[in-house]
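# Structure at a glance
What follows is the residue order along each chain.
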Amino acid sequence: MPHRDQPMSNVTSAKLACLFLATLALVPGCADRSASSDTNPDATELESEISGSSEKPTASQSADYAFEEVSSESGFEFQNLSGRTLEYRFFEIVGTGAALFDFDNDGDLDVYVVQSHEGPVLTKGSTSDTPSDRLYRNDTAGSGPNVELKFTDVTVSSGVSVATGYGQGVACGDIDNDGDVDVFVTNVGGNQFLINNGDGTFSDATKAVGLQSDRWSTSACFVDFDRDGWLDLFVSNYVIYSAESQKPCYGASGRRDYCGPNSYTGEADQLYRNDGTGRFIDVSVKAGIASKYGAGLGIVSADFNGDHWPDIYVANDGMENRLWINGKDGTFEDAALLFGCAFNAVGAAEAGMGVDAGDFDNDGDEDIFVAHLTSETNTLYLNDGSGGFSDRTNLLGLAAPSQAMTSFGSGWLDFDNDSRLDLVVVSGTVKRENGTVTTSQDYPLGQHNQLFHNEGDRFVEAKRRVAPSFEQQEMSRGLSMGDIDNDGDMDFIVINNEGPARMYRNQLGHQQNWTGVRLVDASGRRDQLGAVARLTLSSGVTMQRRCRADGSYCSAHDPRVLFAVPDGAKATNLTVRWPDGTIEQFPAPTLRQYNTLRQGTGQQL
C-alpha cells in the first residue's frame with residue numbers, strides 16, 4: 001500500500017528494457033420524502049435535495065475561494081473511525097471512500113460514506129454498537145449556486161445500517177436495469193452488495209447476486225466489459241491478510257510502525273460477469289485476470305487504445321501497474337509494460353494508490369494520473385491516441401509539488417469551466433517515519449491537499465483557492481466528485497482517516513456558461529456508464545468526457561457529464577459513443593441546464 005518496508009528486488013530484464021526506452025526517448029509503448037433523520041453515535045445528521053439550474057450567481061458568493069467548505073452548515077457531518085491502536089495493524093492506515101449518487105431518483109446527488117470501526121476486525125458478525133456506513137439524503141430545496149444545502153442522515157430508515165464491515169471502498173451502478181442505482185461495498189474480509197429496492201431502502205443481497213468474498217478488497221468499478229447491456233463488476237484486491245497474519249514492522253529508527261504491502265503477498269483481482277438477470281459469475285480465471293497478482297488500490301475503466309471497447313487500469317502498491325486490454329472475446333491481456341504505463345519514466349514501480357483517467361489535453365484520448373508515496377512523485381501518463389503512454393509528470397509541472405506528498409484520492413475536474421481539466425489530489429502519510437520526516441507522535445502525520453490548474457502547457461498549484469480546511473494537515477484518503485447543487489460545476493467530498501469528512505462547494509465554475517448531459521439507455525432509466533460524449537465549440541476546441549462513476553480512491557462519482565462553454569464560444573456539435581460501440585450525433589445541448597440524451601434518439605453515424 002502506501003509505502004514499502006523492504007528493499008526492491010533486482011530489476012528484471014523486462015524492466016530494464018522499459019528503462020532503456022523510457023530514459024533514452026520516453027517513447028510511448030511499455031478514462032414520499034420524510035423530513036426525519038436517523039441518528040447514530042458515530043456520525044451526525046445531514047440534509048439536502050437539488051435539481052438543474054440556469055440561475056446566475058449573485059454577489060453573495062465568496063470572492064476569495066473557488067471552493068467553500070459547507071460540511072457542517074449543510075448537515076453533512078461524518079467522523080471516520082479507523083480503530084487504530086499501538087499494535088499498528090496494517091488495515092488501520094488504508095482509509096475509506098465515498099460515493100455521490102442519486103439513490104432516490106429525485107435528480108440530485110446523495111452521499112454514501114464508507115465507515116471502518118473501532119472494534120476488532122475480521123470477526124464474524126457485528127453488534128448493535130458497531131458503526132455502519134452512512135447514507136445522507138440530499139433534501140435541498142431547489143438548485144443553483146445560492147440554494148441552502150441540506151442533507152439528512154437516513155442510514156437506519158434506508159437499511160444501510162446493515163453495512164458494518166471494516167469498510168474500504170464503494171462502487172455504484174444499476175446492475176438489474178430497473179432504474180435504481182445499487183451499491184457495492186468493499187471491506188477487509190467480506191464485501192457487501194446492497195440492492196436498491198426503489199422505495200428509498202436497500203437490502204443486503206450479497207449472497208443472492210453471487211458476490212461473496214473473504215478477500216481484502218479496495219476499489220471496485222461497474223463496467224459493461226462484454227457490451228451486452230448489463231453492468232459487470234471488477235474488484236481490486238490488496239494483499240492476503242488475516243488477523244493471525246498481522247506482522248510487527250519497524251521504521252529506520254527501530255520503533256514500531258505500520259507495515260507496507262511488501263510484508264504480505266499480493267492478491268489477484270476479480271472480474272464478475274453479469275449473467276443478464278442481475279446475478280454475477282466469477283470469470284476471473286477465464287478472462288485472464290487471475291493470472292497476475294498485485295496489491296491493488298486504485299482502478300479506472302476507459303477505452304485506452306481507441307478500439308471502442310472498455311479496458312481496465314489498476315494502480316498497484318509497490319509493484320507494476322496493470323492495463324487490462326479488452327480482447328473483445330471475454331478475455332483481457334495485461335499490456336501495461338508494452339504500452340508504457342506499468343512503471344514510471346525511469347522504469348521504477350511506485351506505490352500506486354489513487355488513479356483517474358481523463359482527456360486533460362483535449363486531444364480525444366484518455367490520459368492517466370496515478371497518486372504515489374512520498375519521495376516518488378505522482379505520475380501523469382500521456383496517451384498518444386493508440387494506447388501508448390509516456391510519463392510527462394516532470395514536463396507538465398506535477399513532479400516537484402508531489403515529491404513530499406503521500407497521495408490517495410485524485411480526480412480530473414474543470415473547476416473554473418475554462419474547457420480544460422484540472423486536478424485535485426488529497427494526501428496524508430502512512431508511517432510515523434515519512435521520508436526524512438520523523439515524529440515522536442504515536443501515529444502518522446497528516447498532510448495538506450492540492451488543487452492544480454491546467455494552464456494548457458503545464459499544471460500550476462492553485463494555492464488558497466479552496467477553503468482553509470483543505471490545506472490543514474489531515475490524513476485524507478477518499479475523494480468523490482459531483483455537482484451537488486446542480487449549478488453546472490464540480491463539487492467534491494474528502495474522506496479523512498481518523499478525521500471528519502469535508503464537503504467543498506464550487507462557487508466559481510458556474511460563472512462561465514456550461515451544459516450538462518446525462519447519458520441513458522434506450523429505456524431512459526439507466527446511466528450508460530462507459531459512454532463517451534464529445535462536444536465541439538465554435539472556437540475549435542473539442543472536449544471529450546465519459547459517463548463514469550469510477551476512479552480516484554475507493555470512491556464513486558456523479559455519472560453526469562459537464563462541459564464548459566466559455567464566454568464567446570458556442571456549442572456546435574455533440575456526438576456520443578455508446579457502450580455498445582454505436583455513435584450518434586445530437587443537436588447542441590441547451591446551456592446552463594442538464595440535458596438527458598437517450599440512446600437511439602440521435603442521428604446514427
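Computed from a predicted model, the values in this text were never measured in an experiment.

### With respect to the overall build of the protein chain
If you tally the helices and strands in the protein chain, you get six helices and 40 strands. Counting the 605 residues in the protein chain, one finds 63% classified as buried. Of the roughly 20700 Å² that the protein chain leaves accessible, carbon and sulfur atoms contribute 49%.

### Quick look at the sheet that holds strand E29 (residues 459-461)
Strands sit in the order E26-E27-E28-E29 across an open sheet of four strands; the sheet is antiparallel. Strands at the two margins of the open sheet, each flanked by one partner only, are strand E26 (407-413) and E29. The average undirected angle you get between the axes of adjacent strands in this sheet is 25 degrees. Here strand E27 (residues 422-427) pairs with strand E28 (residues 450-454) via three bridges, running antiparallel. For leucine 423, the partnering residue across the bridge sits in E28 and is phenylalanine 452.

### Here we look at the sheet that holds strand E35 (residues 542-546)
Strand order in the open sheet made by the five strands is E35-E34-E37-E38-E40, with antiparallel pairing throughout. The open sheet is flanked by E35 and strand E40 (603-604), the only strands paired with a single partner. Examined bridge by bridge, strand E34 (residues 532-537) and E35 share five bridges and lie antiparallel to one another. The residue bridging arginine 534 from the neighbouring strand is glutamine 544, located in E35.

### Regarding the state of the cysteines
Tallied over the full model, the rule gives one disulfide. Across the disulfide, cysteine 249 is cross-linked to cysteine 259 (sulfur-sulfur distance 2.0 Å). On the sign convention where negative means left-handed, the S-S torsion of about 95 degrees between cysteine 249 and cysteine 259 marks this disulfide as right-handed. One end of the pair, cysteine 249, is in strand E12 (residues 249-250); the other, cysteine 259, is in the loop between strand E13 (256-257) and strand E14 (267-268), and 10 residues separate them in sequence.

### Let's talk about the pattern of salt bridges
Under the definition given, this model contains 18 salt bridges. In this structure, the salt-bridge partner of aspartate 334 is lysine 292, at a minimum N-O distance of 3.2 Å. Of this pair, aspartate 334 sits in strand E21 (residues 332-334) while lysine 292 sits in the loop between helix H5 (284-287) and strand E17 (293-294), placing them 42 residues apart in sequence. Measuring nitrogen to oxygen at the nearest pair gives 2.7 Å for the salt bridge that ties aspartate 356 to arginine 548. Taken together, the residues span a long stretch of sequence, with aspartate 356 in strand E22 (residues 355-358) and arginine 548 in the loop between E35 and strand E36 (561-565) at a distance of 192 residues. Relative accessible area serves as the criterion here: at 0%, aspartate 356 is assigned to the buried category. Each member of the salt-bridge network shares a partner with another, and the members are Lys292, Glu320, Arg322 and Asp334.

Calculation notes
Residues numbered from 1 in each chain as written. Predicted model: local features only at pLDDT ≥ 70, side-chain atom pairs only at ≥ 80, totals over all residues. Heavy atoms only, no water. Helix = DSSP H or I, 4+ residues; strand = E, 2+ residues; numbered from the N terminus. Buried < 20%, exposed > 50% of the residue type's maximum accessible area, 1.4 Å probe, protein only. Areas by Shrake-Rupley, 256 points an atom, 1.4 Å probe, with all protein chains shown as cover. Pairing = 2+ DSSP bridges. Axes fitted to C-alpha atoms, helices over the stretch in contact; angles between N-to-C directions. Disulfide = S-S within 2.5 Å. Salt bridge = Lys/Arg side-chain N within 4 Å of Asp/Glu carboxyl O.

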